[in-house]
Amino acid sequence: MVGTWRMGPWAVPWMMLSFFFLLPSVRAQTKIPLETVKSWADAFGGELYSIVTKYSGSLLLQKKYKDVEPTLKIKEVDGLELVKKFSEQMESMLRRKVEAVERLVEAAEDADLNHEYNSSLEFDYYNSLLINEKDENDNYVELGDEFILEPNEHFSNLLVNTTYSDIQLPTNVYNKDPDILNGVYMSEALNPIFVDNFERDPTLTWQYFGSSTGFFRLYPGIKWLPDENGVVSFDCRNRGWYIQAATSPKDIVIIVDVSGSMKGLRMTIAKHTIATILDTLGENDFVNIIAYNDYVHFVEPCFKGILVQADRDNREHFKQLVDELQAKGVGTVNKALTESFKILREFRDAGQGGLCNQAIMLITDGAVEDYEAVFEKYNWPDRKVRVFTYLIGREVTFAPNVKWIACNNKGYYTQISTLADVQENVMEYLHVLSRPMVINHDHDIIWTEAYMDSALFASQAQSLLLMTTVAMPVFSKKNETRSHGILLGVVGSDVPLRELLKLAPRYKLGVHGYAFLNTNNGYILSHPDLRPLYKEGKKLKPKPNYNSVDLSEVEWEDRDEILRTAMINGETGYLSMDVKVPMDKGKRVLFLTNDYFFTDISGTPFSLGVVLSRGHGEYIMLGNTSVEEGLHDLLQPDLFLANEWIYCITDIDPDHRKLSQLEAVIRFLTGEEPDLECDEELVQELLFDAVVTAPMEAYWTTLALNMSMETEAGVEMAFLGTRAGLMRNVLYVGSEKISNRIFLTQKDKESIFTMDHFPLWYRRAAEHPPGSFIYSIAWQEGPEGGGLPKVVTVSTAVAVAVDGKMGIAAAVGVQIKLELLQHKFWMATQQCSALDGACPLSCQDDILNCFLIDNNGFILISKRPSEIGKFFGAVDGSVMTQLINMGMFRRVTMHDYQAMCKVPYHHHSGARPLLSPIYAFLATVKWLISDFLIFLLEFNVSSFWHSDNLADAKAVFHHSHKHKKHDTLQPCDTEYPVFVYEPAIKETNGLIECGDCQKMFVVQQIASSNLLLLITDATCDCSFFPPVLLDVKEVKYNASVKCERMRSQKLRRRPDTCHAFHPEENAQDCGGTAEVSISPMLLLLPLALLLQ
């Protein structure tokens, strides 16, 4: 390679390394004069700089901030002090939620104490499914009286009733069952407490009581919507908040019989039972599943001999494996029991697992062996492991044996005859595990992991709000039932995580800073880089593992998990890390040194982290101006604020909720609303910025009035943003002519100030030298995109310096049409410095390819419009490879541990050669009998006539015949490259040997920008060089590595309390044989099994 570039002493080795490319050529290459390219770059750069400085007003804004430097103070932020302060405020806020829940618990227990059960009670209540429903005679239906609903901003504009709660029941619970009626009647006492709580603390959101009988009392009352099949599947008893409050951490081994007698419907019921048990487990629990017939095998061989955390990933993995189980052979349970006891004992002795409750769940259709010796050896007399037994099927021959196992090991026995029985029977084990806590009256406060309760508000936008729940158990205080330890239910209240993060104001964290929360298990509760949703078609859906994303998967530079370990241990401290921050949907990267400050939030299992980037990120600017002057400038029409930031608290007082943040600030400053509570430091910064930036309005307006549409057609908008979240903008064209209409609106979150981040154009400019402009091509995505990019966003940072400390006060920029950039580019690349005016070459010549690329290698201008917006390496692999080899661009490997990858759909066809028409007939008969039989057997005949159950039946039948025929997405790890320009190399050129020709290229930096002019020889074909692509690659782990990752037990902090046993517990309350009702359809069962 022959060429020059301005660089340090390491240039010589590069030239030697590149000598390989200087082989004799058959055909002379096109010569590209270096001086000509430099003159093009200078001309184009000068023209660009002139346009963007003029129309952005950047020099004026820089001068205005320079003028006020003497009055500015730049203060260094004490990160540790900041994180402690935020933590205390969060603790105080969460404590108020706990107090509200405690009042509800006390009211519920007192109401139960004073209520006498009445089996013939008749009582009308507001059923959330039936409220406001009328029959054909225009009369309200039973349980469906008039219930006034009004939209409420505090509850995401849902229609609610803030004076009363109402009752939701799942479809499979009869709404006039005596237990339900008594529970609902008793819990009416909660209504005034709900209202009083909300009046005391208007930041409260949903409050509720989930009953152990299955009803759910919700405040404020809402109209509940069934799913598309007319079914209400939401059951409060299998929600995480209910289960965690009702029981202590538990280690569970599920043993399932897969012998030949379990074929058919029994196997289907057994699998559903396992899935339901798994749904009752959470991240503080540990689990494994053993299947047995002639021999014992772990359903996941990788988990042999251990317990794994029951997080969402592992639970879903187990469900997939259980679904593949097949029944065959003869069942021998002893070996499976022995293996289970050994695992539990080893974990207990090693101090692993939950270190609280331990249990074995035995799922079988019969037990005939002599298993007493196993219990004597491993569990008696202490009975540290409870054994719960589930007898599958209607056969009662083995019921005494199976019940004996449970009753002699402090467990519970149930018989499950139909799929409809599963939910109720599985829940019994939770009531048993809750007994010690109930008898002791230990009201433990629990906080859940982050979750989106999409089931709670079916089809409502609210369902995509990440939240945590604070919950407490409600006990029966009646002395006569004390030893039974009766759990009445669980009281809870939701806390949207955004409300917590409002207590860590964005302006105090700098341009790149942020706050995050994680749980005692190391899982992310809230983090700006947490991506809980993915797109399937046009729908946004929660990822399967959205609430078990580990801190080490988001802060992945913490490779030794020093930060993770300290935060899980609840320590207070500080850590510094060099990090690579992905931006612009992974297309770009920033290199920052971040300081992490962390502490725990007292009274919760959570830890808080605050991140400040080194340099300008650790300074805060304090300016001074009078309220009168600032208020005048705040009233200008081109000004608006970061509406997600909290300048003033407007969501508590109903009269304030209609106010925008700007309106609230103005009313606060004018004294119109003396009750408004505002952040005075932020408001002061806002006033200062309003005054300093006020001259920009007049400057922009003058320009707009005097614009020459011939010379400057294409400059569409100017805008600025300050570190106080203030924004101004002006349109240089009519609003109907704007190319990118979503820019600076809520539809384009990346372009505005949000709770999570500063605008993208501000963040990128902040890491670029002040006075130099960042050019970003706007990708047009979605149905409105129209394909090719149309506009370029240009921005630069405005810096201030006081006593050697530099801060970023603002960023300012313009948005221009790509056409304007192209016009200036092609004009500049026709010029030359020849004295006679004759140009040897021009970018209009066919022998040249001319490109304008940015500092990440993306094409802004090319002769071929289809290449605009593409990565240059995908267009010309030969030149990109050379630029990388020469050090002008470097490859940075990025990781994504929250990715979703396609899993090809495999259609398991049952097709086989049609041996005879009889086979086809039998196959049809088999389907009709077996599927329809299972459908009917899911429901007890005695209760089948309830319309609710008919709806549920319809849903199950419908679901069982749905088949997905497209590729599915599942969580995975990926890595992808980002290419970054090395700005120290101002220019370079070289030759590439391409067979019978040499290809020349010249690269020249465009001054005061992040752009490069790149000229290549178009006549030499180098297409045999592979393209350099930005492909995302899934990280595939071999079997042993994958197994090791799955088995690894990451550091976690156990909950503080444990309630495993109580000496007064009535262990003889251990279940009984369910009533068996004979169905005529059972006569068809042998035929269905025969045809399986």
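Summarised in this report is the structure supplied together with it.

## Digging into the overall build of the protein
- A tally of helices and strands in the protein yields 29 helices and 39 strands.
- Summing over all exposed atoms, the protein offers an accessible surface of approximately 46,500 Å²; the carbon and sulfur share of this is 53%.

## Some thoughts on the sheet that holds strand 24 (residues 607–613)
- Spatially, 19-18-24-23-22 is the arrangement adopted by the five strands of the open sheet, whose pairing is antiparallel. Only two strands of the sheet have a single partner each, and these edge strands are strand 19 (524–526) and strand 22 (573–583). On average, each strand axis in the sheet is inclined to that of its neighbour by 35°, with strand direction left out of account.

## Looking at the side chain of Q815
- Structurally, the position occupied by Q815 is in strand 31 (residues 805–817).
- Separated by 2.8 Å, the side chains of Q815 and T793 make a polar contact.
- In this structure Q815 touches G714, V715, E716, M717, F719, N740, F743, V791, V792 and T793, once residues within four positions along its chain are discounted.

## Examining the sheet that holds strand 39 (residues 1033–1034)
- Strand order across the open sheet formed by three strands is 34-35-39, with antiparallel pairing between neighbours. The strands lining the two open edges of the sheet, one partner per strand, are strand 34 (889–903) and strand 39.

## Concerning the pairing of strand 17 (residues 487–496)
- Counting buried positions along strand 17 gives ten out of ten residues, so the element sits mostly inside the fold.
- Two elements, strand 5 (residues 207–211) and strand 17, share five bridges in a ladder whose sense is antiparallel. Paired with F209 across the two strands is V491, which belongs to strand 17.

## Looking at the packing of helix 18 (residues 661–670) against helix 19 (residues 680–693)
- It is at 12 Å that the axes of helix 18 and helix 19 come closest, and there the two elements cross at 95°. The orientation of helix 18 with respect to helix 19, classified from their angle, is roughly perpendicular. The segment helix 18 lies against helix 19, with V665, F668 and L669 engaging E680, V683, L686 and L687.

## Looking at the packing of aromatic side chains
- One pass over the full model with this rule turns up 46 aromatic pairs.
- With a centroid separation of 5.9 Å and an interplanar angle of 65°, the aromatic rings of F209 and F215 are classed as edge-to-face. The same class applies to F209 as to F215, namely buried.
- Summarising the aromatic geometry, the rings of F753 and Y762 are spaced 5.9 Å apart at their centres and angled 70° between planes, so their arrangement reads as edge-to-face.
- Judged by its relative accessible area of 2%, F753 is buried.
- Among the aromatic residues, those joined into a cluster by ring pairs are W645, Y647, F719, F743, F753, F758, W761 and Y762.
- In this structure, K134 is placed above the aromatic ring of Y140, and the distance from its NZ or CZ to the ring centre is 4.9 Å.
- Here R890 stacks its cationic end above the ring of F591, 4.5 Å away from the centre of that ring.

## Side note on the state of the cysteines
- For the coordinates displayed, the defined rule picks out eight disulfides.
- Covalently, C356 is tied to C1058 through a disulfide, its sulfur atoms 2.0 Å apart. Here the S-S torsion is close to 95°, and the disulfide linking C356 with C1058 is therefore right-handed. Of this pair, C356 sits in the loop between helix 10 (333–349) and strand 12 (357–364) while C1058 sits in the loop between helix 28 (1039–1047) and helix 29 (1085–1090), placing them 702 residues apart in sequence.
- Take C356: its relative accessible area is 12%, and that puts it in the buried class.
- Judged by relative accessible area, C1058 falls into the partly exposed class, the value being 39%.

## Here's the deal with the packing of helix 19 against helix 20 (residues 695–705)
- Viewed as axis vectors pointing N to C, helix 19 and helix 20 meet at an angle of 35°, and their least axial separation amounts to 5 Å. Across the interface between the two elements, V691, V692 and T693 from helix 19 touch P695, M696 and E697 from helix 20.
- Class assignment for the residues of the contact of helix 19 with helix 20 results in four nonpolar, one polar and one charged.

## Description of unusual backbone geometry
- In this structure, the amide linkage connecting Y219 to the following residue, P220, adopts the cis form with an omega of -5°.
- Its identity as a non-glycine residue notwithstanding, E561 has a phi of 55°, on the positive side.
- Positionally, E561 belongs in the loop between helix 15 (551–554) and helix 16 (562–568).
- Its identity as a non-glycine residue notwithstanding, D584 has a phi of 55°, on the positive side.
- Following the sequence through the fold, D584 ends up in the loop between strand 22 and strand 23 (588–600).

## A word on the side chain of S552
- Mapped onto the elements, S552 comes out in helix 15.
- Of the polar contacts made by the side chain of S552, one reaches the side chain of D550; its length is 2.7 Å.
- Engagement of the side chain of S552 in a polar contact is seen with the side chain of K1050, the distance being 3.4 Å.
- Apart from residues no more than four positions distant in its own chain, S552 is found in contact with E561, R564 and K1050.

## A short note on a negative patch on the surface
- A cluster of acidic residues, E76, D78, E81, E88 and E91, forms a negative patch on the protein surface.
- The element that contributes the greatest number of residues to the negative patch is helix 4 (residues 79–113), accounting for three residues.
- Locating D78 in the fold gives a position in the loop between strand 1 (73–76) and helix 4.
- On the basis of relative accessibility, which here comes to 46%, the residue D78 falls in the partly exposed class.

## Here we look at the nonpolar core
- In terms of nonpolar packing, the biggest core is built from 205 residues, with Y65, Y775 and L821 touching the most fellow members.
- Looking at this core element by element, the count peaks at 13 residues for helix 4.
- When near neighbours in sequence (up to four residues on either side) are disregarded, Y775 contacts L48, V52, R764, V792, T793, V794, L821, D854, L860, S1009, N1010 and L1011.

## Structural notes on the pairing of strand 18 (residues 514–518)
- For strand 18, the tally of buried residues reaches five of five residues, placing the bulk of the element in the interior.
- Neither face of strand 18 is left uncovered, since the one carrying Y514, F516 and N518 and the one carrying A515 and L517 both have all their residues buried.
- Pairing of strand 18 with strand 24 involves five bridges; the strand directions are antiparallel. Across the sheet, Y514 pairs through a bridge with V611, a residue of strand 24.
- Here two bridges tie strand 18 to strand 19, and the two strands are oriented antiparallel to one another. Looking at the pairing, L517 lines up with S526 of strand 19.

## A look at the pattern of salt bridges
- Going through the model one piece at a time under the given rule, you end up with 44 salt bridges.
- K477 is the salt-bridge partner of E109, the closest N and O atoms lying 3.7 Å from each other. Taken together, the residues span a long stretch of sequence, with E109 in helix 4 and K477 in the loop between strand 16 (467–475) and strand 17 at a distance of 368 residues.
- Note that E188 is salt-bridged to R217, the shortest N-O span being 2.7 Å. Remark: R217 occurs in strand 6 (residues 216–219) and E188 occurs in the loop between helix 5 (178–187) and helix 6 (191–200); sequence separation between them is 29 residues.
- Assessed through its relative accessible area of 1%, R217 is described here as buried.
- Through salt bridges with shared partners, one network takes in R386, R435, E1065 and D1069.

So, how was this worked out
- All residue numbers here refer to positions counted from 1 along the written sequence of the relevant chain.
- Owing to the predicted nature of the model, reporting of local features is limited to residues with pLDDT of at least 70; listing and counting of side-chain atom pairs is limited to 80 or more, with chain, interface and lining totals taken over all residues.
- Side-chain descriptors were evaluated using all non-hydrogen atoms of the structure, hydrogens and water having been removed beforehand.
- In DSSP terms, a helix is any run of H or I states spanning at least four residues, a strand is any run of E spanning at least two, and both are numbered starting from the N terminus.
- For accessible areas, the Shrake-Rupley method is used with a probe of radius 1.4 Å. Any residue's cover is judged against the shown protein chains and nothing else.
- Pairing between two strands is assigned when DSSP locates at least 2 bridges connecting them.
- In this analysis an axis means a line fitted to C-alpha atoms, helices contributing only their contacting stretch, and an angle means the value between N-to-C directions, from 0 to 180 degrees.
- Side-chain atoms alone can form a polar contact between residues adjacent in sequence; in general such a contact is a pair of N or O atoms within 3.5 Å, and within protein one must be able to donate a hydrogen while the other accepts it.
- What makes two residues a contact is simply this: any of their non-hydrogen atoms within 4.5 Å.
- Each residue is placed in one exposure class: buried if its accessible area under a 1.4 Å probe, protein chains only, is under 20% of its type's maximum, exposed if it is over 50%, and partly exposed if it falls in between.
- An angle below 35 degrees is read as roughly parallel, one above 145 as roughly antiparallel, one from 65 to 115 as roughly perpendicular, and any other as oblique.
- Stacked, edge-to-face and tilted labels apply to pairs of Phe, Tyr and Trp rings (six-membered ring for Trp) whose centres lie within 6.5 Å, assigned for plane angles under 30 degrees, over 60, and everything in between, in that order.
- Any Lys NZ or Arg CZ that is within 6 Å of a ring centre and within 35 degrees of that ring's normal is treated as a charge sitting over the ring.
- Criterion for a disulfide: a pair of cysteine sulfur atoms at a distance within 2.5 Å.
- Three residue categories are used. Nonpolar comprises Ala, Val, Leu, Ile, Met, Phe, Trp, Tyr, Cys and Pro, charged comprises Asp, Glu, Lys and Arg, and polar comprises the others, including Gly.
- Here, patches come from residues exposed beyond 30% relative accessible area and free of salt bridges, joined within 9 Å for like charges and within 5 Å for nonpolar side chains (Val, Leu, Ile, Met, Phe, Trp, Tyr).
- Salt bridges are defined by distance alone: a side-chain nitrogen of Lys or Arg within 4 Å of a carboxyl oxygen of Asp or Glu.
- None of His or the chain ends enter the tally, which takes Lys and Arg as positive and Asp and Glu as negative.
- One atom stands in for each charge, and that atom is NZ of Lys, CZ of Arg, CG of Asp or CD of Glu.
- Here the nonpolar core consists of buried residues drawn from Ala, Val, Leu, Ile, Met, Phe, Trp, Tyr and Cys, with membership extended through side-chain atoms lying within 4.5 Å.

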